[in-house]
Amino acid sequence: MEDSELIKIADKAKENSYSPYSGFKVGACVLTEKGNVFTGCNVENISFGASICAERTAILKAVSEGEKNFKKIAVMSSGKNFTYPCGICIQVLFEFMPEGELIVSNNDGKIEKYKIKDLMPYQFNEKLKKY
Ligand code: THU
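Described below are features of the structure shown in this document. (Residues numbered from 1 in each chain as written. Predicted model: local features only at pLDDT ≥ 70, side-chain atom pairs only at ≥ 80, totals over all residues. Heavy atoms only, no water.)

### Quick look at the overall build of the protein chain
Here is step 1 of the chain: Assigned secondary structure in the protein chain consists of 4 helices and 5 strands.
Here is step 2 of the chain: Moving toward the C terminus, one meets the helices and strands of the protein chain in the order α-β-β-α-β-α-β-β-α.
Here is step 3 of the chain: Expected size for 131 residues packed as a compact globule is a radius of gyration near 14 Å; at 14 Å, the protein chain falls within 12% of this value.
Here is step 4 of the chain: For the C-alpha atoms alone, the extent of the protein chain along its principal axes is close to 40 × 35 × 30 Å.
Here is step 5 of the chain: Residues classed as buried in the protein chain amount to 41% of the 131 residues present.
Here is step 6 of the chain: Taking the contacts inside the protein chain whose residues are at least 6 apart along the sequence as the reference set, 60% of them involve residues at least 24 apart. (Helix = DSSP H or I, 4+ residues; strand = E, 2+ residues; numbered from the N terminus. Rg over C-alpha atoms; globule rule 2.2 N^0.38 Å. Buried < 20%, exposed > 50% of the residue type's maximum accessible area, 1.4 Å probe, protein only. Contact = heavy atoms within 4.5 Å.)

### Things to note about the pairing of strand β1 (residues 26-32)
Here is step 1 of the chain: Judged by how many residues are buried, β1 sits mostly within the fold: 7 of 7 residues are covered.
Here is step 2 of the chain: Here β1 runs beside strand β3 (residues 70-77); their pairing, made up of 7 bridges, is antiparallel. The residue of β3 that forms the bridge with V30 is I73.
Here is step 3 of the chain: Looking at chain direction, β1 and strand β2 (residues 37-41) are connected through 5 bridges and run antiparallel. Paired with C29 across the bridge in β2 is T39. (Pairing = 2+ DSSP bridges.)

### A look at the sheet that holds strand β4 (residues 101-105)
Here is step 1 of the chain: Read from one edge of the open sheet, 5 strands run β2-β1-β3-β4-β5, paired in mixed fashion. Every other strand in the sheet has two partners, leaving β2 and β5 (111-115) as the edge strands with one partner each. When the angles between neighbouring strand axes are averaged without regard to direction, this sheet yields 20°.
Here is step 2 of the chain: Relative to β4, β3 is paired through 4 bridges, and the arrangement is parallel. (Axes fitted to C-alpha atoms, helices over the stretch in contact; angles between N-to-C directions.)

### Looking at the side chain of K14
Here is step 1 of the chain: By the element assignment, K14 lies in the loop between α1 (3-13) and β1.
Here is step 2 of the chain: When neighbours within four sequence positions are excluded, K14 is seen to be in contact with K25, V26, G27, M76, S77 and S78.

### Some remarks on helix α2 (residues 54-64)
Here is step 1 of the chain: Within the sequence span of α2, burial applies to A54, E55, R56, T57, A58, I59 and A62.
Here is step 2 of the chain: Buried residues belonging to α2 abut β1, β2, β3 and α3 (87-96).
Here is step 3 of the chain: Looking one or two residues past α2, G66 carries a phi angle of roughly 100°, positive in sign.

Below, the structure is given as structure tokens:
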């Protein structure tokens, strides 16, 4: 699937954002190894700390539907500039798509692309997996 198409889907996903506290809408879209697409938006909470970002919403939706390997994630927001995932989201992305790519776009329609592993070169990465 084309990067521009994933950007469009992420942009649409942001419209479901529940963000009454920040007013900042974010949408994300992950492309799985199997070729399926899952979307997510940020969902805020009055306790603030219970809020979840769009990226993790998309990843958790996909994992809970049985997909654990992702190729690409696109992120869009209501802001003018490129929206990059927060540190917690990058660590979660690294778990499921260490060889994957991030695609972001700004208001002018310019697209940027990054390798997930380049976003956090010293991520926590001990050999803890048991199964
Ligand atoms: N947010 C995301 O959903 N993804 C990001 O990449 C950055 C921040 C959300 C969290 C919060 O709901 C709002 O944007 C403002 O920080």
